[in-house]
Amino acid sequence: MAASFWETGGTYLAVLTPLVAVPLTVITFYLRSLQETQVNWRADFVRRIDGVEGGVADVRKLMVDFERDYATKEEWLRECMHARGRLEHLSQSVARLEALRGDSDERREHLGSIH
């Protein structure tokens with residue numbers, strides 16, 4: 001009886017081994033290819049993210065350069081108002097000088113007519 005068990009067990013083992021080994025081998029290769037695909041996808045994804053981060057750094061640098069080269073609207077308005085105030089002050093000074101000059105011309109004419 002024990003001999004027939006070993007013979008039957010050996011037969012079952014001989015039949016079941018290829019039935020189990022072949023699918024396990026296929027599953028192993030499939031899982032390995034999935035792993036390689038994921039590793040490649042991750043490496044490509046990391047490369048793309050690095051490219052995007054480099055692009056963002058370039059854009060930030062351009063923004064800083066742009067802000068340094070161009071005045072903001074508030075700065076431009078403040079400078080225009082300051083220039084306008086200086087122009088009004090200059091216009092008032094010129095008007096005073098013309099008035100003083102006109103007064104001095106009238107005095108000269110008046111003094112010239114007296115003499």
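This text goes with the structure placed above it.
Presented here is an overview of the structure given in this document. (Residues numbered from 1 in each chain as written. Predicted model: local features only at pLDDT ≥ 70, side-chain atom pairs only at ≥ 80, totals over all residues. Heavy atoms only, no water.)

**Quick look at the pattern of salt bridges**
Here is step 1 of the chain: In this structure the tally under the stated criterion is 3 salt bridges.
Here is step 2 of the chain: Ionic pairing is found between Arg-47 and Asp-44, a salt bridge with its closest N-O pair at 3.4 Å. With Arg-47 and Asp-44 both in helix H1 (residues 2-69) and 3 residues apart, the pair spans about one turn of that helix.
Here is step 3 of the chain: Given the relative accessible area of 54%, Arg-47 is considered exposed.
Here is step 4 of the chain: Between Asp-65 and Lys-61 there is a salt bridge whose closest N-O contact spans 3.3 Å. Separated by 4 residues within a single helix, Asp-65 and Lys-61 lie in helix H1, roughly one turn from each other.
Here is step 5 of the chain: Several salt bridges share partner residues, and in doing so they unite Asp-44, Arg-47 and Arg-48 into one network. (Salt bridge = Lys/Arg side-chain N within 4 Å of Asp/Glu carboxyl O. Helix = DSSP H or I, 4+ residues; strand = E, 2+ residues; numbered from the N terminus. Buried < 20%, exposed > 50% of the residue type's maximum accessible area, 1.4 Å probe, protein only.)

**With respect to the packing of aromatic side chains**
Here is step 1 of the chain: Summed over the entire model, instances satisfying the criterion amount to 1 aromatic pair.
Here is step 2 of the chain: Residues Trp-41 and Phe-45 carry aromatic rings whose centres are separated by 5.3 Å and whose planes lie at 5° to one another, so their mutual orientation is stacked. Here the residue Trp-41 and the residue Phe-45 both occupy positions in helix H1, the gap between them amounting to 4 residues, near one helical turn.
Here is step 3 of the chain: Residue classification places Trp-41 among the exposed residues on the basis of a relative accessible area of 56%. (Phe/Tyr/Trp six-rings, centres within 6.5 Å; stacked < 30°, edge-to-face > 60°.)

As far as function goes, none of this settles anything; it's purely spatial.
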